[in-house]
Amino acid sequence: MLKIIIQKELSIYFRNLNSIFLPLVLFFLIISIFPLVLGPEKKLLEKIIPGIIWITTILTTLMSSNNFFKDDFNNGIIEIYLTSDASVELVFFFKIIACWIFTCLPIIIFIPLLSILFDIPFNSAFVIFITLFIGTPILISIGIFGSALTIGLSKNNILAPIIILPFYIPVLIFSASAIDSVSIGLSYEMQIYILLAFLVFILPIMPYLLKYTLRFSINN
Amino acid sequence: MNISKIANLKFFYTRTKNITFFLSVFSFVLFSVGIFWGLFIAPEDYLQGNSYRIIYMHVPAAWLSLQTYIFMAVTGFIALVWKVKIMEIASIQSAPIGALFTIIALVTGMIWGKPTWGTYWVWDARLTSELILLFLYIGVIALYASFKDKRQAVKITSLLAIIGLINIPIIHYSVEWWNTLHQGPTVTKFEKPSAHISMLMPLLYMFFVFNIYFLTVIIKRIRLGIYLREKNSKWMEEYRND
Amino acid sequence: MEISVNSATCYKNNVAIFNNINLSLKNGDVALISGANGSGKTTLIKSISGIQNLESGAILLNNIDISHRDSDFVENIIYIGHKNSLNSDMTVHENLVYLMALDSSSKIKDNSRIEKAMNYFDIQKYKDYFVSDLSEGNKKKTSLARLIISDKKIWILDEPLSNLDNFSIEIFIKLIVENQKNNGISILSSHYDISKKISNVKHLEM
């Protein structure tokens, strides 16, 4: 069963390769707009680039998680999930992982390239990489929760981000502070551990929460 | 079981009509006394002068903004777990009240900030947390508003309120932590302008008054919620025709 | 095995969709729910399968309330909605494999059941077609194939006959009769009067 579920989630993304490339392109497009708006001064960009990377990541994850359940809702597979006696939580778990692999992992992989573009020192780039690696699954999970809350609504494009953005704040604070700390030579382990704690807490709960939420939210 | 639940709504609706009137008058009187006490009787602060007096609005409002969120989440939890309809109504109807308290706390905080910090807004931990709390309230209200089927909507907003309550301490402490990182301890503490007993008493009194006000408004709003939900039912027609 | 609907009432947008519905089905029963458009057939079917919340009343399976679907007592029920529950980016065969994986009662989980189901509904030749390329009738048949793949006894079907041609309707009715013989319970909504072809149909007019 496990194999079939994982296969299905992966193959769906592979059949729409757009879904991998478009978030990545969007990410780079937004990032490259910042120097155009703020001016190419190296000092300024150096200071704010971690923040820019994180804000851009948020935008990208918001967009890709917003319609997470839309297809399943429209073609009625959600109803199968809710009436199935198999452990749907497992399905949701792999759906979250698949969503992360195909929308966030490409961005994370391209961080080295980004660090060349903006001349980010290796230390900082490494911490940006780590915080994104731990932080984005949390953001994706929360975003998917938002999409589950608003699934029954026909016009939910802005509502879900409004609901979930406040929940992003702790992740952002600790990630930004880790990057900040390393750039001024302080230790950043604590922030990483806190992020890890968030991740370990949220990832196992989320599939159950999603199932519970969908039971209410698909009826409207 | 079902009948007793509907009867419960009916019981609440029919019995609270006179109570709300009494409570409204009561909270108005209490509030006037509190304002007089805070503005005229309480002594002047030796550091901040008279400008500190706005804490008699600000601090209770800030407390109540949090307390109302807890109320919303706890009633939401009861509604979801034990399927008590009146708790569903109480949960969603408390959201606008909480948002109002949050706005009062923010506005009074800004007014207090002008003479104290020289600017209406600083990104201090308390104000920032309060602002995020406002966004949390807006999220709940907006979610409720966008559902056509309000009976389903209350279940979903209850769930969101519960998740939000789990998150509030996390958000609060991370914001506080963020604040100490970026500003250091130079900012004067908001809440304790040398807590002399003659200044503290009106504050506690105002906290009590705000609670009474909350009780008044929540009962009125629950009545409104019951009316909106049951306006087509027989007992409501009979009751309103009497 | 007994499934019953006890004074079920359901509201949408503060309006009663249905009020005080009662229905009791035992082994070998077939229930036909019919009514005009908007009479609440789909909502009732969804309530019985636990997707729609009831305002009051209960759905009892062997005297256990399953209307909230938070228990494991539901393993004998299969629900097929009027949406086909098929992923349009996958082929017919892949869809059936996936749906079988989501269904813990079909423990055998081998392809022979899928082959059998596809042969029964005569969709073998579309095996490797993407669902998005199928006609509506063939999509319906694909989703109905789940009935053969799983070995559940209680079938809850919303408009199973829509988009089917006459020949397929006959095939489907045969399947219902077979379930009746196997002491299963079928609940379906339709405009089509199946009671001429199946004996002992309980008719619920909404």
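A.B. asks: What exactly am I supposed to notice about the interface of chain B and chain C here?
C.D. replies: Much of the literature gives interface size as the accessible area that the parts lose upon coming together. Between chain B and chain C, the contact holds seven residues from the first and five residues from the second. For the side of chain B that touches chain C, the residue count by class is no nonpolar, two polar and five charged.

A.B. asks: What is the right way to read the confidence of the model for chain C from this model?
C.D. replies: It should be kept in mind that the predicted coordinates are not to be read in detail where pLDDT is low. Considering every residue of chain C, the mean pLDDT works out to 87; 94% of them sit at 70 or more. Both scores are available for the predicted complex, with the pTM at 0.91 and the ipTM at 0.91.

A.B. asks: It is not clear to me how the interface of chain A and chain C should be interpreted in this structure. Could you clarify?
C.D. replies: Facing the 20 residues of chain A at the interface are 27 residues of chain C. Taken together, the elements giving at least two residues each to the side of chain A that touches chain C come down to α1 (2–15) and α5 (77–83) of chain A. Per-class residue counts for the side of chain A that touches chain C are nine nonpolar, six polar and five charged.

A.B. asks: Teacher, can you tell me more about the pairing of strand β1 (residues 2–12) of chain C here?
C.D. replies: Looking along a regular strand, one sees the side chains alternate between the two faces of the sheet. All names here are of chain C. As paired elements, β1 and strand β2 (residues 15–26) share eight bridges and run antiparallel to each other. From the neighbouring strand, Cys10 faces β2, where its bridge partner is Phe18. Here β1 folds back onto β2 in antiparallel fashion, the turn holding two residues, of which Asn13 has a positive phi close to 50 degrees. As judged from the five bridges shared by β1 and strand β4 (residues 56–61), these two strands associate in the antiparallel manner. What sits directly across from Ile3, in β4, is Leu61.

A.B. asks: Any chance you could explain the pairing of strand β3 (residues 30–34) of chain C here in plain terms?
C.D. replies: All names here are of chain C. β3 sits mainly inside the fold: four of its five residues count as buried. In this structure, β3 lies alongside strand β8 (residues 185–189), joined through four bridges in parallel fashion. Bridging from a neighbouring strand, Ala31 pairs with Ile187 of β8. Sheet topology note: the β3/strand β9 (residues 201–205) ladder contains five bridges and is parallel. Along β9, the bridge assignment pairs Ser34 with Glu205.

A.B. asks: Any chance you could explain the sheet that holds β3 of chain C here in plain terms?
C.D. replies: Whenever strands of a sheet pair, they do so through backbone hydrogen bonds, lying parallel or antiparallel. All names here are of chain C. Read across the sheet, five strands follow the order β6-β7-β8-β3-β9 without closing on themselves; strand pairing throughout is parallel. Each end of this open sheet is capped by a strand with a single partner; those strands are β6 (77–80) and β9. Taken pair by pair, the neighbouring strands of this sheet meet at an average axis angle of 15 degrees, ignoring direction. Packed onto the sheet, helix α1 (residues 41–49) meets β3, β6, β7 (154–158) and β8 and runs at close to 150 degrees relative to β7.

A.B. asks: Can you help me understand the confidence of the model for chain B in this one?
C.D. replies: Residues and elements named next belong to chain B. When pLDDT is averaged along chain B, the result is 87; 91% of the residues meet or exceed 70. Element-level mean pLDDT values for chain B span from 73 in helix α1 (residues 2–15) up to 94 in helix α3 (residues 55–82). Ignoring residues within four places in sequence, the model shows residues 184–189, a span with pLDDT below 50, making two contacts including any to other chains.

Rules of the game
Throughout, a residue's number is its position along its own chain's written sequence, starting from 1. To read the labels, note that chains go from A and ligands from 1, taken in the order they are written. Per-residue local features are limited, in this predicted model, to residues with pLDDT of at least 70; the limit for side-chain atom pairs, both in listing and counting, is 80 or more; totals at the level of whole chains, interfaces and linings are taken over all residues. Contact criterion: two residues are in contact if their C-beta atoms, reconstructed from the backbone, are within 7 Å. Residues are grouped as follows: nonpolar covers Ala, Val, Leu, Ile, Met, Phe, Trp, Tyr, Cys and Pro; charged covers Asp, Glu, Lys and Arg; every other residue, Gly included, is treated as polar. Per residue, pLDDT measures the predictor's confidence, with a range of 0 to 100. Elements are defined by DSSP. Helices are runs of H or I of four residues or more, strands are runs of E of two residues or more, and each kind is numbered from the N terminus. Two strands qualify as a pair provided DSSP detects at least 2 bridges between them. Exposure criterion: with C-beta atoms placed from backbone coordinates, a residue whose C-beta has 20 or more other C-beta atoms within 10 Å is buried, one with 12 or fewer is exposed, and one in between is partly exposed. Comment: axis = line fitted to C-alpha atoms, over the contacting stretch for helices; angle = value between 0 and 180 degrees taken between N-to-C directions.

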